[in-house]
Amino acid sequence: MSTFYITTPIYYVNAEPHLGTAYSTIAADVLARYHRLKGDDVFFLTGVDEHGENIQTLAAEKGISEQDLCDQMAPTFTKLWNKLNLSNDIFLRTTSEFHKRGAIKFLSALHEAGDIYKDKYKGYYCRRCESFYTNRELGDNKNCPVHKLPTEWVEEENYFFALSKYQDRLLAHIRANPEFIQPESRRNEILNVVESGLRDVSISRGSVSWGIPLPFDQTHVIYVWIEALCNYITALGYADDGEKYRKYWPADIHMMGKDITRFHAIIWPAMLMAIDLPLPKQIFAHGFLTNQGEKISKTKGNVIDIDALIGEFGLDAFRYFFMREFSFGNDGDYAHERFVLRYNADLANDLGNLLSRTLGLVAKNFGAVPEPTTPGEFDDEVKEMARETINKVDALMNQRSLDMALETIWELVRRVNRYIQQTQVWSLAKSEETKGRMGTILYNCMEALRTVAVLISPFMPDTANRIRQHIGLDESDQGLDTVAQWGGLPAGKTIGRAQPLFPRKDLKKVVEQLESAPEAKAEKPQAKTTDNLISMSEFQGMDLRVAEVLSAERIPKADRLLKLQVDLGSEKRQVVAGIAEHYAPEDLVGKQVILVANLEPAKIRGIESQGMVLAAAGKKELALATFEKEMPPGTQVR
Ligand code: ME8
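All figures in this text were calculated on a predicted structure; none of them were measured in a lab.

S.K.: Got a minute to help me understand the site of the ligand in this structure?
M.R.: Lining the immediate surroundings of the ligand are 25 residues, of which Ile-10, Ser-24, Asp-49, Asp-259 and Leu-289 lie closest. Between the ligand and Asp-259 there is a distance of 2.7 Å, counted from an oxygen atom to a side-chain nitrogen or oxygen. At a separation of 2.9 Å, a nitrogen atom of the ligand approaches a polar backbone atom of Ile-296. Sorting the residues of the shell around the ligand by element identifies β1 (3-12), α1 (19-37), α8 (224-234) and β12 (253-257) as the ones contributing at least two each. With five residues, the single largest contributor to the shell around the ligand is α8.

Structure representation (structure tokens):
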């Protein structure tokens, strides 16, 4: 039996899980379930990353111990993962003893390999990422490439891993194994980074106490990222060379978001090379889920209420939507409208109708699964397509094209609906002569539904079971091999009408309801938590100025936008602002507003915007921030 070991990132416990972290974990769950369906011996790891400076700072702010903070936060993950019906085999916490012992063993091995040395490090550091960045990565403004906030100059004595030594071997490995880093865009990005030269990386922190002490210098803790990467082997019992470790390592796939590819595709494999351990077979980095174009994250306060979505659509529709709607590997912008449209089209119409039409006709005319006695036109085409669908889905799952795998299953669903139309099966009940044909067509529809149920089970486990029950099967025994042969559905089982699997939704009503859900209502300033705190230097990084509006005009075909020309004293700027629903252009001329003057220029609807005006923005209302007395344009706002 083949083994299949799949992992997700271990998530930081400084914030609760959200749609983004759920997305990675559901995708991993789908692959884990798919491989179980194929009969593989699967091990699926997820967990939480509990050490490091961010946790230490947050615990201090809350006035509790770091361990208490972790103990409070870890269950918020397990609770959501249970709700999402995830089938992970382990939930790893990095504060657990087996992980600590494993990380210590790993660092000792690196040390013994002679690849660790002590040095002074100077560089730009982002505290949120807990990561140093090079000038090249930062660009001119020295802002962190992930958070877009200023980094700090830090000088510190640390231990280093001789990453540069592994540059050539790594390059050769990436080149020789096209599957190693996927998708292709990420592979090219990593190839570029490695080709342009690797620098050694720091692997310890002397200034942080919340971590695992370095085995060879107890005054330092292991840098949280290095320790976190070890989780992929510590979870298997690497500390004691356990049975699982010997069975499942190397991992078949490390699944993650594109933000953390470099750690996984460069540092982790190089460290494994250093101590002669096999490398993971694949690093797969999917895209970001965004909300109005901005990455969804707890610190940005733009999360989407998962409970409200599951309450409205049901868990399986939730899992389906996120795996189907966005091309896996690319970014995807969430909108409630997209969810309702996709739900109505694919689930209520295509799949829901197929089941209810088929079962309705069977229940009314036969009362039981009919015998397929009378073959006829289109039968072979449907059978052939069902068989091909199984193979195509397998290829797509191996390419991690999860959305396309679903699309392929839905092509079959739509084909069978067309088969019902083409054969006009409902009209065949008229005479005993045609009833044999009717039974055969309906049998084929049920048999196709049996195949569909197995194929969708990794994505929608409960729906798959419900379909199976409806067509007279029990929940067990649903491996891929059970649908390899057409005709496996036994005739004769009593069949009743189906309750609608996915009742249709009213677009307008549902969107309105979701927009008034508790998390959607929490406007950003109110959503402030301690995670949102920024340092004085981060605030000072913003250049706020008095700007006087010289002219304002509407932008054709953009109901919300106005184009403003503003006077900044020493210069004039053009700004695109989303305020057209609240201000008439003529009322703005002469108004003094606050401009974020050092924002990167952006193109909005093809028009360059050189800054941003500040406003209080509620759900329905909006008011520009102005001054209580006139000030010279260009004056700094502090
Ligand atoms: O980086 N869209 O933890 P983290 C899609 N502890 N995926 C998203 C997302 C979004 N908007 N937001 C987050 C860490 N993610 C480290 C990992 S692993 C050895 C250590 C997902 O809590 C995505 O998988 O910041 C991303 O890579 C991960 O959450 C980051 O989680």
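S.K.: Can you help me understand the sheet that holds strand β7 (residues 181-182) in this one?
M.R.: Whenever strands of a sheet pair, they do so through backbone hydrogen bonds, lying parallel or antiparallel. Here six strands make up an open sheet; going across it, the order is β3-β2-β1-β12-β13-β7 and the pairing parallel. Here the strands that pair on one side only, and so sit at the sheet edges, are β3 (90-93) and β7. Where β1 lies against β12, two bridges are found, and the strand directions are parallel. Residue pairing across strands places Ile-6 opposite Ile-253, the latter belonging to β12. Sheet strands in contact with α8 are β1, β2 (41-49), β3 and β12, and its direction is about 150 degrees off that of β1. In the packing of helix α10 (residues 261-274) onto the sheet, contacts are made with β7, β12 and β13 (283-286), and the angle to β12 comes to roughly 145 degrees.

S.K.: Even after reading the chapter, I still don't get the sheet that holds strand β9 (residues 204-205), so can you show me in this structure?
M.R.: Pairing is antiparallel across the open sheet formed by three strands, whose spatial order is β9-β11-β10. At either margin of the open sheet sits one strand with a lone partner, and together these are β9 and β10 (213-214). Looking at chain direction, β10 and strand β11 (residues 217-222) are connected through two bridges and run antiparallel. Paired with Pro-213 across the two strands is Val-221, which belongs to β11.

S.K.: What should I look at first to understand the packing of aromatic side chains in this one?
M.R.: Think of a pair of aromatic rings as described by two things: how far the centres are apart, and how the planes are tilted against each other in angle. For the structure shown, the criterion picks out 34 aromatic pairs. Taken together, a centroid distance of 3.8 Å and an interplanar angle of 10 degrees make the contact between Phe-313 and Phe-339 stacked. Placement of the pair is Phe-313 in helix α11 (residues 306-313) and Phe-339 in helix α13 (residues 336-365), with a sequence separation of 26 residues. In terms of burial, Phe-313 and Phe-339 fall into one category: buried. These aromatic residues form a ring-pair network of at least three members: Tyr-5, Phe-43, Phe-106, Tyr-232, Tyr-238, Tyr-245, Tyr-248, Trp-249 and Trp-268. Stacked on the ring of Tyr-223, the Lys or Arg Arg-205 has its end atom at 4.0 Å from the ring centre. Positioned above the aromatic ring of Phe-288, the side-chain terminus of Lys-295 is 4.6 Å from the ring centre.

S.K.: Explanation requested: helix α16 (residues 432-456) in the structure shown.
M.R.: In an α-helix, one full turn covers 3.6 residues, which means residues spaced three or four apart are oriented alike. In this model α16 runs 36 Å from its N-terminal to its C-terminal C-alpha over 25 residues, within 8% of the 36 Å that 1.5 Å per residue would give. With 21 of 25 residues buried, α16 is to be regarded as a mostly interior element.

S.K.: Looking at this structure, how should I read the nonpolar core?
M.R.: For soluble globular proteins, the rule of thumb is that nonpolar side chains tend to be buried together. Leu-84, Phe-318 and Phe-322 are the most contacted members of the largest nonpolar core, which totals 113 residues. Element by element, the count of residues in this core is highest for α16, at 13 residues. Those residues in contact with Phe-318, other than ones at most four positions away along the chain, are Leu-19, Ile-26, Leu-84, Ile-306, Leu-309, Ile-310 and Phe-339. Counting 63 residues, the second largest nonpolar core, distinct from the first, contains Leu-45, Ile-90, Leu-163 and Leu-198.

S.K.: Looking at this structure, how should I read the environment of Leu-110?
M.R.: Turning to its location among the elements, Leu-110 is positioned in helix α4 (residues 97-112). Its relative accessible area of 0% is what places Leu-110 among the buried residues. In this structure the C-alpha to C-alpha distance between Leu-110 and Ala-274, which are 164 residues apart in sequence, comes to 6.7 Å.

Parameters at a glance
Residues numbered from 1 in each chain as written. Predicted model: local features only at pLDDT ≥ 70, side-chain atom pairs only at ≥ 80, totals over all residues. Heavy atoms only, no water. Near = heavy atom within 4 Å. Polar contact = N/O pair within 3.5 Å; in protein donor to acceptor, adjacent residues only side chain to side chain. Helix = DSSP H or I, 4+ residues; strand = E, 2+ residues; numbered from the N terminus. Pairing = 2+ DSSP bridges. Contact = heavy atoms within 4.5 Å. Axes fitted to C-alpha atoms, helices over the stretch in contact; angles between N-to-C directions. Phe/Tyr/Trp six-rings, centres within 6.5 Å; stacked < 30°, edge-to-face > 60°. Buried < 20%, exposed > 50% of the residue type's maximum accessible area, 1.4 Å probe, protein only. Lys NZ or Arg CZ within 6 Å of the ring centre and 35° of its normal. Expected span 1.5 Å × (residues − 1). Core = buried A, V, L, I, M, F, W, Y, C linked by side-chain atoms within 4.5 Å.

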